[in-house]
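So you can see what is in the structure, the chains are spelled out below.
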Amino acid sequence: MYCNGMSEKRRIAVYPGSFDPPTYGHVDIIKRSLPLFDKVIIAVLENPSKTTALFTPNERVNMLKEILTETNGTKLITFKGLLVDCMSNFGANVIIRGLRFVSDFEYEMQMALMNHSLDARVETVFMVARPERTFVSSSLVKEVAKLGRDISPFVPPPVAKALKEKFAI
Ligand code: ADP
């Protein structure tokens, strides 16, 4: 069941997303996942077809690196293509996703079922967003930053700085 010749059962989870850019909502899910797993791999989707991305995959990884510098038990990767295909390289069989609203649920449920049918070893774990973070999304944060308002309550300092530079505020 476990790859890379691992004999002991380690709980390795993957938290995939666009992280364009990372927000306190993402950070909250990562921090709450850490006590549940031996390792949480944060997988930044490169997705070359997503032309709307504000930050390059490298920029997104670098922001996450800065944010998670003091956080043990995480690993950062980028991926393209099917997530389940790269999970076995890391011995991971759990996908973590955050749920904010009921509207997230329909798509997330479909993805979870598809991923499980592509690889029966893969399970998806949903973490319910903290009420004070439910309205925080990468896309809204970008909109608000673009319009010149302060987004520091919603994103860690390195992200606030990067957004300011992008929009030359
Ligand atoms: P994707 O494009 O894959 O949805 P995102 O970077 O937007 O990538 O989100 C990655 C994951 O983080 C998703 O499961 C999403 O529901 C979750 N997420 C995003 N914002 C929040 C938040 N404020 N609170 C909790 N979970 C969140």
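Not measured: the values here are computed from a predicted model.

Peer 1: Which residues make up the site of the ligand, and what values do they have?
Peer 2: Not every one of the 16 residues close to the ligand is listed here, only the nearest: Tyr15, Ser18, Gly98, Arg133 and Val136. Within the side chain of Ser18, an N or O atom sits 2.7 Å from an oxygen atom of the ligand. Here Arg100 contributes a side-chain N or O atom positioned 3.4 Å from a nitrogen atom of the ligand. Notes on the ligand: free accessible area 550 Å², of which the protein chains cover 87%. Counting residues per element, the ones that place at least two in the shell around the ligand are β1 (12–17), α1 (24–33) and β4 (94–99). Counted by class, the shell around the ligand contains six nonpolar, five polar and five charged residues.

Peer 1: So what's going on with the nonpolar core? Which residues, and what values?
Peer 2: Grouped together as the largest cluster of nonpolar side chains are 29 residues, with contacts concentrated most on Tyr15, Val40, Ile42, Ile96, Ile151 and Leu163. At the level of elements, β1, α1, β2 (39–45), α2 (57–67), β4, α5 (138–146) and α6 (157–166) are the ones that each hand at least two residues to this core. Each residue touching Ile42, except ones within four places of it in the same chain, is listed here: Tyr15, Phe19, Ile30, Leu64, Leu68, Thr74, Lys75, Leu76 and Ile77. Counting 13 residues, the second largest nonpolar core, distinct from the first, contains Ile12, Ala43, Cys86 and Met87.

Peer 1: Go over α2, please, and point to the residues and values.
Peer 2: Among the residues making up α2, those that are buried are Arg60, Val61, Met63, Leu64 and Ile67. Along α2, the residues classed as buried sweep out an arc of 160 degrees about the axis, all on the same side. Every exposed residue of α2 that faces more than 90 degrees away from the buried side is listed here: Asn58, Lys65 and Glu66.

Peer 1: Lay out the pattern of salt bridges with the relevant residues and their values.
Peer 2: With the rule as written, the count across this model stands at 10 salt bridges. Note that Arg60 is salt-bridged to Asp20, the shortest N-O span being 3.9 Å. In this pair, Arg60 sits in helix α2 while Asp20 sits in the loop between β1 and α1, placing the two residues 40 residues apart along the sequence. Residue Arg60 shares its accessibility class with Asp20, and that shared class is buried. Asp28 serves as the salt-bridge partner of Arg32, at 3.1 Å between the closest nitrogen and oxygen. Of this pair, Arg32 and Asp28 both sit in helix α1, four residues apart, which is roughly one turn of the helix. Both residues of the pair, Arg32 and Asp28, count as buried. In the salt-bridge network here, residues are joined through shared partners; they are Asp20, Arg60 and Lys142.

Each value, and the rule that gives it
Residues numbered from 1 in each chain as written. Predicted model: local features only at pLDDT ≥ 70, side-chain atom pairs only at ≥ 80, totals over all residues. Heavy atoms only, no water. Near = heavy atom within 4 Å. Polar contact = N/O pair within 3.5 Å; in protein donor to acceptor, adjacent residues only side chain to side chain. Areas by Shrake-Rupley, 256 points an atom, 1.4 Å probe, with all protein chains shown as cover. Helix = DSSP H or I, 4+ residues; strand = E, 2+ residues; numbered from the N terminus. Nonpolar A, V, L, I, M, F, W, Y, C, P; charged D, E, K, R; others polar. Core = buried A, V, L, I, M, F, W, Y, C linked by side-chain atoms within 4.5 Å. Buried < 20%, exposed > 50% of the residue type's maximum accessible area, 1.4 Å probe, protein only. Contact = heavy atoms within 4.5 Å. Arc of directions from axis to C-beta. Salt bridge = Lys/Arg side-chain N within 4 Å of Asp/Glu carboxyl O.

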